[in-house]
Amino acid sequence: DRIRFTFRRTTDGYWFCCHDDTINNVARNMDGTEISETISANNQTLATLNSYDWGIKYGSKYAGATVPLLEDGLKYAAIYNLGVTLHFSNTLDNMATEYLDEIIEMADKYGILDNAIVLSGDGKSIAKLGHFKDHNPRTSYYIGGLETWFTEENITSIKTLQTEFNKVYVQLYPWGTAPTDSFRAIAKENNFILYDSITMSEPDLLNLNTFNKGYGLMQVNNVYMIKDTVRRWANGLIT
């Protein structure tokens, strides 16, 4: 249904997908060996990133792959009719508006923003997220924070992102925290939707306690054919 891209910008203006602040978990030397020194994913040129192999980790048939560009991800998301979660790797608070406009232009090219969820690297940056809202009232948003952060004042700020056409998703920090009863009540009272990004394996997923937290949207990692996997498991529960 949906794919999440975590991305950042090269110093020469290319947006590329890389979740971590270093490239070491994914990229390899051109001979396929692991990179011995720590290489930052930030403040690099496209040419520097492409001096590493971004595919061989996943098998020899992918050897020689270049760094994955966000625009290619958006293109294939459009082809496969997937919703997209646009995850800026860093906070938007200090990001130039012209950079946000680059993402908006790229996403509009592939019709992405009507069904997009946008989130800042810090889970907040509400004012900058408003730039997306001003452009397209159908774009949705993710907000995350400690439960103590969800004060009346901050909830009022979050609600400035709501329109009659979009959704606002919320998640508790630190990462790995499941919704509490009180947080579920906050979400219900304010028309927020509980978001899960902490399910990281098939055993985590195939557990009845995964589905009793009130989540409205689940992002599942490291599980192949997620819905088919859940259906087979659920069918086995029925007697």
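Residues numbered from 1 in each chain as written. Predicted model: local features only at pLDDT ≥ 70, side-chain atom pairs only at ≥ 80, totals over all residues. Heavy atoms only, no water.

Considering the pairing of strand S3 (residues 83–88)
Short version of the rule: Burial classes: relative accessible area under 20% of the type maximum marks a residue as buried, over 50% as exposed, and values in between as partly exposed (1.4 Å probe, protein chains only). Numbered from the N terminus, helices here are DSSP runs of H or I no shorter than four residues, and strands are runs of E no shorter than two. Strand pairing is defined by DSSP finding a minimum of two bridges between the two strands. Clockwise travel from the first strand over the helix to the second, with the strands pointing away from the viewer, marks a crossover as right-handed.
For S3, the tally of buried residues reaches six of six residues, placing the bulk of the element in the interior. Residues Gly83, Thr85 and His87 point to one face of S3 and Val84, Leu86 and Phe88 to the other, with burial holding for every one of them. Sheet analysis places strand S1 (residues 2–9) next to S3, joined by six bridges and oriented parallel. Bridge pairing in S3 places threonine 6 opposite histidine 87. Relative to strand S4 (residues 116–119), S3 is paired through four bridges, and the arrangement is parallel. Each bridged residue has a counterpart across the sheet, and for histidine 87 the counterpart in S4 is leucine 119. The parallel pair S3 and S4, bridged by helix H3 (residues 97–109), forms a crossover whose chirality is right-handed.

With respect to helix H6 (residues 181–190)
Which entries qualify depends on this criterion: Each C-beta atom gives one direction from the helix axis, and the arc is the one those directions make. By definition, residues are in contact when any of their heavy atoms lie within 4.5 Å.
Looking at H6, one finds that the buried residues are Phe183, Ile186, Ala187 and Asn190. The buried residues of H6 occupy one face: seen down the axis, they fall within an arc of 95°. Across H6 from its buried face, at more than 90 degrees, point the exposed residues Asp181, Lys188 and Glu189. The inward-facing, buried residues of H6 contact helix H5 (152–159), strand S6 (168–172) and strand S7 (193–199). In the stretch just after H6, asparagine 191 is the one whose phi turns positive, near 60°.

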